[in-house]
Amino acid sequence: MPQGTLRSGAFVIPSKQRRIVFRDIWAFAVQSFRADRVRATMTALGMVIGTAALILVVTIALTGKEFLLTQISNVGANLIWAEYSSQSNVAALSDYLTEDDLLAVQRQVPSVKEGSPVLNLHDRITGPGGKERYILILGVSPEYVNVRRLRILSGVFFSQQDSQDFNKVALVTETFAQHQYGGIESAVGKEIKIAGLPFTVIGTFREGVDTFGRSEIQDDTILIPYSVARRLSGKREVNQIYFSATDSNGVPQTTQEILKVIQSRHRPQSKYEMGNLTDVLTVAQKTADTLTLVLALFATVTLLVGGVGIMNIMFATVSSRLAEIGIRKAVGATRQDITLQFLTEAVLISVTGAAVGTLIGLGLPFSVRFFTDYQFPIPVLSAFIAILACCAVGIGFGTLPAKRAAALDAVECLRHEGT
């Protein structure tokens with residue numbers, strides 16, 4: 001057989017002619033699509049919905065995970081805290097944490113970046129209209145603003161110099177500033193009495209994000225230097241110690257090292273609770289992955305339903321085009337040619353639906369990014385995957401009708417059409 005030829009049945013067909021056959025098959029598929037646009041459009045609708053749904057599912061999943069990681073980052077993925085947890089009712093046996101424990105941990109655990117003690121105080125503050133209410137006062141170190149990722153809304157946080165000089169300065173929450181002074185800017189420079197002593201408000205703050213119910217900060221909270229709070233309370237003990245690890249990936253190991261140092265400095269029977277956001281992050285990621293999987297399954301079902309629709313329409317198409325099949329076979333079309341013709345039509349419907357669905361699926365996130373300040377991730381890779389999935393669905397569900405058409409006898413087709 002001469003080089004550059006292909007064998008089809010008992011005939012030797014030049015490769016150039018074979019290329020023409022494939023081109024004709026594609027032309028037949030496009031012509032069939034145009035001949036009944038309504039049917040083809042309704043058939044492709046399932047692919048449109050499935051493709052758009054698949055892309056939007058990936059977009060939602062990526063957006064959710066990005067939002068989650070941002071939330072955790074704002075809280076502090078490397079945040080660790082420790083507190084005394086013994087249930088002993090005997091005060092003399094209490095073994096609370098102290099500032100010395102913080103200093104020991106900073107010396108012995110290299111993976112600890114910063115730390116701050118937290119000493120809880122309570123006082124009655126006179127609000128507007130002469131009403132008094134209890135307020136939580138936290139004595140913290142200057143490092144607390146970084147460890148807890150606080151957002152300073154107005155003014156400044158107190159410095160190391162303020163702490164060393166025992167300056168009577170304070171920061172109040174956004175809620176407190178609104179209620180007490182009418183605004184965050186108005187609060188700065190005001191004087192507030194704590195334990196009968198005048199403190200100057202030098203700033204307002206709030207937490208970066210919600211801390212999942214694990215916050216020591218309440219709506220009405222005042223922060224003062226730990227050195228001043230210790231003088232006011234007359235106690236060495238602290239309620240909690242907050243640490244910031246150098247690497248968020250090493251938080252579990254760092255937590256255990258901190259606990260080991262603390263336990264070595266206290267009585268063996270004393271119990272201390274250690275906490276971090278690793279478990280919250282793990283649970284949240286598993287929840288996001290599960291939700292993504294469920295949504296992806298719904299999108300997959302939509303694609304499969306669209307595939308079933310394509311198969312049914314192609315079966316109907318085969319039945320309505322018996323004369324065409326008979327004539328094509330009578331003039332020499334092979335079973336492979338008939339199979340390729342109907343399979344190409346099924347793939348064309350799938351790809352058309354996938355293209356429209358991709359435009360919709362990508363157009364929505366692009367529109368949101370263009371017209372709003374929200375920066376949704378654009379899952380371009382998922383668009384290619386969705387198109388490939390639609391092609392696979394078209395081939396998978398179009399193969400059976402195509403093979404049925406190819407298996408028909410030319411004489412029977414023409415006889416059936418003649419009757």
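Worth saying up front: this structure is predicted, and the values here are computed from it rather than measured.

So, the confidence of the model for the protein chain
Of all residues in the protein chain, 82% attain a pLDDT of 70 or more, and the chain-wide mean is 79. Element-level mean pLDDT values for the protein chain span from 40 in strand E1 (residues 5-8) up to 95 in strand E8 (residues 169-173). Confidence drops under a pLDDT of 50 for residues 1-20, and excluding neighbours within four residues, the segment shows 18 contacts in the predicted structure.

Here we look at the nonpolar core
One finds Ile 222, Ile 224 and Phe 243 to be the most contacted residues of the largest nonpolar core, which totals 41 residues. A total of five residues in this core trace back to one element, the largest contributor, which is helix H9 (residues 251-264). With near-sequence residues (within four places) excluded, Ile 222 lies in contact with Ile 135, Leu 136, Ile 137, Leu 138, Ala 170, Leu 171, Val 172, Phe 176, Ile 192 and Ile 194. Residues Ala 44, Leu 303, Ile 338 and Ala 406 belong to the second largest nonpolar core, which totals 24 residues.

Observations concerning the environment of Leu 171
Within the secondary structure, Leu 171 is located in strand E8. Take Leu 171: its relative accessible area is 0%, and that puts it in the buried class. Discounting chain neighbours no more than four positions away, the residues touching Leu 171 are Ile 152, Val 156, Phe 157, Phe 158, Ile 202, Gly 203, Thr 204, Phe 205, Thr 221, Ile 222 and Leu 223.

Quick word on the environment of Ser 116
Within the secondary structure, Ser 116 sits in strand E5 (residues 112-126). Looking at Ser 116, the relative accessible area reads 0%, which means it is buried. What Ser 116 contacts, discounting residues up to four positions off in sequence, is Leu 102, Val 140, Ser 141, Tyr 144, Gln 240, Ile 241 and Tyr 242. A distance of 3.0 Å separates polar atoms of two side chains, one belonging to Ser 116 and the other to Ser 141.

What counts, and where the lines are drawn
Residues numbered from 1 in each chain as written. Predicted model: local features only at pLDDT ≥ 70, side-chain atom pairs only at ≥ 80, totals over all residues. Heavy atoms only, no water. pLDDT = per-residue confidence, 0-100. Helix = DSSP H or I, 4+ residues; strand = E, 2+ residues; numbered from the N terminus. Contact = heavy atoms within 4.5 Å. Core = buried A, V, L, I, M, F, W, Y, C linked by side-chain atoms within 4.5 Å. Buried < 20%, exposed > 50% of the residue type's maximum accessible area, 1.4 Å probe, protein only. Polar contact = N/O pair within 3.5 Å; in protein donor to acceptor, adjacent residues only side chain to side chain.

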